[in-house]
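# Chain and residue survey
Listed here are the chains, written in short residue letters.
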Amino acid sequence: LDITYQEEVVQRALRGENIIIWLPTGGGKTRAAVYVAKKHLENNPGAKVAVLVNKVHLVDQHYNKEFNPYLGRDYSLVSISGDCDQKDFFGSEVKNSDLVICTAQILENALTNQEEGKHVELSQFTLLIIDECHHTHKEGVYNKIMARYVAQKLKGERRLPQILGLTASPGTGGTKSIKGAVEHVLQICANLDSVIVSSKVYAHELKKKVPRPRKRFDIVDRRPQDPFGDHLKFMMQFIHDFMALGPDFPVREFGTQEYEADVVILEKKGVTDRNRLLSQCALHLRQYNDALLINDTVRMVDAFRVLESYYSTKSSTAMDGTDFFLLGLYQENEVELRKLSGDARFENPKMGKLQNTLLEQFDQGGNSRGILFSKTRKSICCLYDWVSNNPALQRAGIRAAILTGAGNGINYMTQNEQKDTIRNFRLGSLNLLISTSVAEEGLDIPECNLVVRYGLLTNEIAQQQASGRARASDSVYSVVAQAGGREVRRELLNECLEDLTGRAIGEVQRMEPREFQMKITDLQTEALLTRQLAEQLKIKKRSRFNAATVQLSCRGCFLPVALGNDIKVIENAHHVNINPDFERYYKTGGQPALKTFEDWEPGRVISCAACGRQWGMEIIYKKIAMLPILAIENFAMETPEGRKLAKKWKNVEFTVEEFNFSTYCHNKFPNMLD
């Protein structure tokens, strides 16, 4: 280490204590962790280190930029993420390596998988480094791993790894009081079984080394007229009149997140009350509300395209008067909406302000590099389309790309696409990333000199993380927002919460060691008991109904299509319907953008043959069995106690049995095994 404040914060870790290092973004937390790992490996023969990250792209970044350059010559290092083959033999890789860098989920899978070559125990590691450790709470994967650790510690297990957590901000946990913030910091410490350490002696040096970017609010006046948005609201009111809800359902303002929450509740009520008029109107209203939110964030034409795309498939699946009313309403107004969305006089003024903000930085020539953060995958796709087709931005030499979370589906990226995009941004062949929150944490681009937050409402941790992406000297952190809008208020509140976090950490650090330790043990014991109770309740809930007494109906048209005992689960993850008669209820569509896995490969998307509601997809299991995977959120469950809904399979109130491949083959191909 060549910086005194880094030496200061690692001292207790070098003595073998469990600590959380709290340093601002850009303060060199990872380099400090490399130093601790190096000393740990030097001083402990047979030591084994795991570095856990919460984002796939950080696996490569930490390996290539930090750990391998300093440790690769003397030690055996391996980096493992979800798209590489080593994950299938994680246990063996751990055995043969001194240091492993992986996403936390891979370690969690290995802790639960009992298969030889795949399983590991926490006791195999001597040091656990947890990056962005403020995520160690609630049901997060970091906390699942640490819950095991704490449970073993409370039982008296001594062979547990040392813990080193890294964070730029543990946050306040949603509270606005110093008492609540202190409790939150203590809870994070308890979850990580660690004390929290920061620079005291060399704090002034730290401030000089990590200058904050110049923050500014690029404020836009409200658009004086919005005929496109007004027309959408008129259509939404028309649907409300058709539903005739009455005074029991007060409706909040159209075009807000609050209204979205209202229509989600309305749709659920429609399904549970078997009122298809209500449920379908609510689904369509959500699309109109989405269009209003997009109209407020990006261009009118983007909002129009959302509705155009949604209604393009509806005419072939209309089945009753409600469907024909909703489809007819859109079709009658489509020409007018298209005309209004193309009228440049009423365009979103935020776009002009955003253009000026980008040009100000990129027009100066040189090697500007920026990240534009927006809330949803939809909005970043729209922003990318706007940047790519904007002559002024193209003349300024802006070369943009999208960066979203890894996943499946049209607006997701594969892990390799993520890596390529980040590499090209590092090299400078791209100079603007348009990103969701995936790039807020940990992405280290020293040349980045502009961060723009556009249409975002987030907490103080995300705000601090995002501003920390601006690493170059004389960087700008811009908040593009409407005058008097919620974004500005939230940004100012976050500044206060950031200060509150610092005060809370100070109070925790000033506690007497004995008092601190007692509080930590109390919190750990309480969390353990709570988890045990929750697990018992979960088991009880899962066996509330006999699977044969539960009927699954399509959530779109309420048609009964399956029984609970038709459903089996593969590898504790994929819920399939094994009843051969089920295929007559669905139709198949296109191929999802998914890679092939060890035991299965994706087939086609499936949807209800009657109403077109998407249900899931087919998979080909072990190259033999064609099985439909179902997402339970697309169904309603008729139980002995009435109609129920579930967002995830883990929430259903009947036991789903494990899929037995041999039994399936014997039933499907009775002569094959004779």
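Read on for an overview of the structure. (Residues numbered from 1 in each chain as written. Predicted model: local features only at pLDDT ≥ 70, side-chain atom pairs only at ≥ 80, totals over all residues. Heavy atoms only, no water.)

### With respect to the overall build of the protein chain
Assigned secondary structure in the protein chain consists of 21 helices and 24 strands. Relative to a compact globule of 674 residues, whose C-alpha radius of gyration would be 26 Å, the protein chain shows 27 Å and is just as compact. Dimensions along the principal axes, computed over C-alpha positions, put the protein chain at roughly 75 × 75 × 45 Å. Residues classed as buried in the protein chain amount to 52% of the 674 residues present. Restricting the contact set of the protein chain to residue pairs at least 6 apart, pairs at least 24 apart contribute 70%. A total of about 31,300 Å² of accessible surface is found on the protein chain, and carbon and sulfur atoms cover 49% of it. (Helix = DSSP H or I, 4+ residues; strand = E, 2+ residues; numbered from the N terminus. Rg over C-alpha atoms; globule rule 2.2 N^0.38 Å. Buried < 20%, exposed > 50% of the residue type's maximum accessible area, 1.4 Å probe, protein only. Contact = heavy atoms within 4.5 Å. Areas by Shrake-Rupley, 256 points an atom, 1.4 Å probe, with all protein chains shown as cover.)

### Side note on the pairing of strand β1 (residues 19-22)
For a regular strand, the rule is simple: side chains alternate between the two faces of the sheet. The pairing of β1 with strand β7 (residues 195-197) spans three bridges and is classified as parallel. The residue bridging I20 from the neighbouring strand is I196, located in β7. In this sheet, strand β6 (residues 162-167) lies alongside β1 in parallel orientation, the contact comprising four bridges. Opposite I20, over in β6, you have G165 as the bridge partner. (Pairing = 2+ DSSP bridges.)

### Let's talk about the pattern of salt bridges
For the coordinates displayed, the defined rule picks out 44 salt bridges. Across the pair E183 and K179 runs a salt bridge whose closest N-O atoms are separated by 3.1 Å. Of the two residues, E183 and K179 are both situated in helix α7 (residues 178-191); the distance of four residues between them amounts to about one turn of the helix. Given a relative accessible area of 44%, E183 falls into the partly exposed group. K179 gets classed as exposed once you look at its relative accessible area, which sits at 61%. (Salt bridge = Lys/Arg side-chain N within 4 Å of Asp/Glu carboxyl O.)

### Points about the packing of aromatic side chains
Applying the stated rule across the entire model yields 15 aromatic pairs. Relative to Y311, the ring of Y310 lies with its centre 5.2 Å away and its plane at 85°, an arrangement referred to as edge-to-face. Each ring, one from F582 and one from Y585, has its centre 6.5 Å from the other, and the planes form 45°; the classification is tilted. Aromatic ring contacts, followed pair by pair, group F582, Y585, Y586, W615 and F635 into a single cluster. K622 extends its terminal NZ or CZ atom over the ring of F661, reaching a point 6.0 Å from the ring centre. (Phe/Tyr/Trp six-rings, centres within 6.5 Å; stacked < 30°, edge-to-face > 60°. Lys NZ or Arg CZ within 6 Å of the ring centre and 35° of its normal.)

### A short note on the pairing of strand β4 (residues 99-103)
Most of β4 sits inside the fold, with five of its five residues counted as buried. Because side chains alternate across β4, one face comprises the buried residues L99, I101 and T103, and the other comprises V100 and C102, equally buried. With five bridges joining them, strand β2 (residues 49-53) and β4 adopt parallel strand pairing. Along β4, the bridge assignment pairs V49 with L99. Where strand β3 (residues 77-80) and β4 come together, four bridges link them in parallel fashion. Within the sheet, the bridge partner assigned to S79 lies in β4 and is I101.

### Digging into helix α11 (residues 276-297)
Here α11 is 22 residues long and its end C-alpha atoms lie 32 Å apart, about the 32 Å a rise of 1.5 Å per residue gives. Most of α11 is tucked away, with 18 of its 22 residues classed as buried. Where α11 begins, one side-chain oxygen reaches toward the backbone nitrogen of L277, 3.3 Å away; that side chain belongs to N275. (Expected span 1.5 Å × (residues − 1). Polar contact = N/O pair within 3.5 Å; in protein donor to acceptor, adjacent residues only side chain to side chain.)

### Considering the packing of α11 against helix α12 (residues 300-311)
Their axes nearest at 7 Å, the elements α11 and α12 cross at an angle of 160°. One element, α11, and the other, α12, form an angle in the roughly antiparallel class. In this structure, α11 meets α12 at a crossing whose hand is right-handed. The segment α11 lies against α12, with L283, H284, Q287, Y288, A291, I294 and N295 engaging M300, D302, A303, V306, L307, Y310 and Y311. Each residue belonging to the contact of α11 with α12 can be placed in one class, and the counts come to 10 nonpolar, three polar and one charged. (Axes fitted to C-alpha atoms, helices over the stretch in contact; angles between N-to-C directions. Parallel < 35°, antiparallel > 145°, perpendicular 65-115°, else oblique. Left-handed = near helix turned anticlockwise from the far one by under 90°. Nonpolar A, V, L, I, M, F, W, Y, C, P; charged D, E, K, R; others polar.)

### Brief notes about the sheet that holds strand β23 (residues 642-644)
Ordered in space as β15-β14-β22-β23, the four strands form an open sheet in which the pairing is antiparallel. Here the strands that pair on one side only, and so sit at the sheet edges, are β15 (560-563) and β23. Averaged over all neighbouring strand pairs, the angle between strand axes comes to 30°, with direction disregarded. Bridge analysis of strand β22 (residues 635-639) against β23 gives three bridges, and the strand direction is antiparallel. Following the sheet pairing, M637 is matched in β23 by K644.

### With respect to unusual backbone geometry
Here the phi dihedral of K138 falls at roughly 50°; this positive angle occurs in a residue that is not glycine. One can find K138 in the loop between β5 (127-130) and α6 (141-154). With a phi close to 50°, D193 is a non-glycine residue in the positive phi region. Given the relative accessible area of 13%, D193 is considered buried.

These figures capture arrangement, not role.
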